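Below, each chain spelled out in residue letters.
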Amino acid sequence: MDRKEYLKCKLLQCLGGPWREPTPLDPQWGEPEQKDGYRILPVRYEAEPGDRIPALLLIPDGVDDAHPAPAVAVWHQHNGEWHLGKSEPAGLAGNPMHHTGAALAREGYVVLCPDALCFEERQSPYLKGGDYERFEFLRYVVQGKCMAWKNILDMRRAIDLLVSLPYVQADRIGCYGHSMGSTFTWLVGPWQERLRCLVGNCCLPTYAAIHRTHILHCFPNFIPGWFQYGDTPDIAALIAPRALHLNFGEEDGGSPIPEVRQGIEIIGAAYRDAGAEENFSHYIEPGAGHVLSDEMWRRTRDCFARHLRA
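Residues numbered from 1 in each chain as written. Predicted model: local features only at pLDDT ≥ 70, side-chain atom pairs only at ≥ 80, totals over all residues. Heavy atoms only, no water.

(A) A look at the nonpolar core. By size, the foremost hydrophobic cluster in this structure holds 79 residues, and its most contacted members are Leu15, Leu162 and Ile223. At ten residues, helix α4 (residues 147-164) tops the list of elements feeding residues into this core. Apart from the residues lying within four places of it in its own chain, the contact partners of isoleucine 223 are Leu11, Cys14, Leu15, Cys146, Ala148, Leu187, Tyr207 and Ile235. Core analysis: the next-biggest nonpolar cluster, separate from the first, contains 27 residues, Ile40, Val199, Met296 and Leu308 among them. (Core = buried A, V, L, I, M, F, W, Y, C linked by side-chain atoms within 4.5 Å. Buried < 20%, exposed > 50% of the residue type's maximum accessible area, 1.4 Å probe, protein only. Helix = DSSP H or I, 4+ residues; strand = E, 2+ residues; numbered from the N terminus. Contact = heavy atoms within 4.5 Å.)

Printed below as a string of structure tokens:
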């Protein structure tokens, strides 16, 4: 067993073990809503028995079974806004800076925006906001798993849905996320060979930086036991040789840059070892914080265009 396979084996153990065999997606579709250049189609599909994921599918005008398009799954941010999830990247609510799914749909990509557990339509009638998120994290911990295990399972199902659609080019699928969505990107990457291109914006908090600066981060970042084998960049490095681009703000307190720079070296070394150095890129914007800047978005778009359209 080489080092990469060894680390994947240990990571899977720390996450909570193998994911169960998937059940049928059984998608339930809502009524479409026409927007400028694309339509939005609500959908609910089964992640696990009894657990349906609400999502919004954005389909560009002119895309159909006879004219399929590449697709991008967009994982939404956290930002302590549990009332927001899929609706923000879909362009229906929240900060226009993060209406990224809508922007990608206007560029011709089929886009899937699902709700993460504890957000928007996946909240609890009994506990609110962070209390429910903490409850869910602890519920998985006592089962020998963690929140990241569940998040990865849900993201795998999102890709299952995309590849099942006849108007999606199943060999040209990517994913994007800002903040917690960036964490989701490097979490799911090692487990989804179907993702050809992955882009994360403003989130690679290492455990070394978290411990040094006492950061209280969102729960998907914390994988019990993993720190004895590696740090978060070692997880992102397992994506090699597939295309990966990461953006950072130099002044982003959630991903302290000294450790980010060290992490970039770890990821870059993995891509060099895989003979795919050209497939890993990164950008650190001087003076920027936890944002999606114009330059960060330009690099995101260019990465998808290069790897999903070329």
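(B) Local environment of the pattern of salt bridges. On inspection of all chains with the given rule, the structure shows 22 salt bridges. Arginine 194 is the partner of aspartate 160 in a salt bridge, and the nearest nitrogen-oxygen pair spans 2.7 Å. Of this pair, aspartate 160 sits in helix α4 while arginine 194 is found in the loop between α5 (180-188) and β8 (195-201), placing the two residues 34 residues apart along the sequence. Residue aspartate 160 is classed as buried on the basis of its relative accessible area, which comes to 17%. For arginine 194, a relative accessible area of 30% corresponds to the partly exposed category. (Salt bridge = Lys/Arg side-chain N within 4 Å of Asp/Glu carboxyl O.)

(C) Layout of the side chain of histidine 307. In this structure, histidine 307 sits in helix α9 (residues 294-309). Note on histidine 307: relative accessible area 14%, which makes it buried. Apart from the residues within four sequence positions on either side, histidine 307 is in contact with Arg172, Arg196, Cys197, Ala243 and Asn279.

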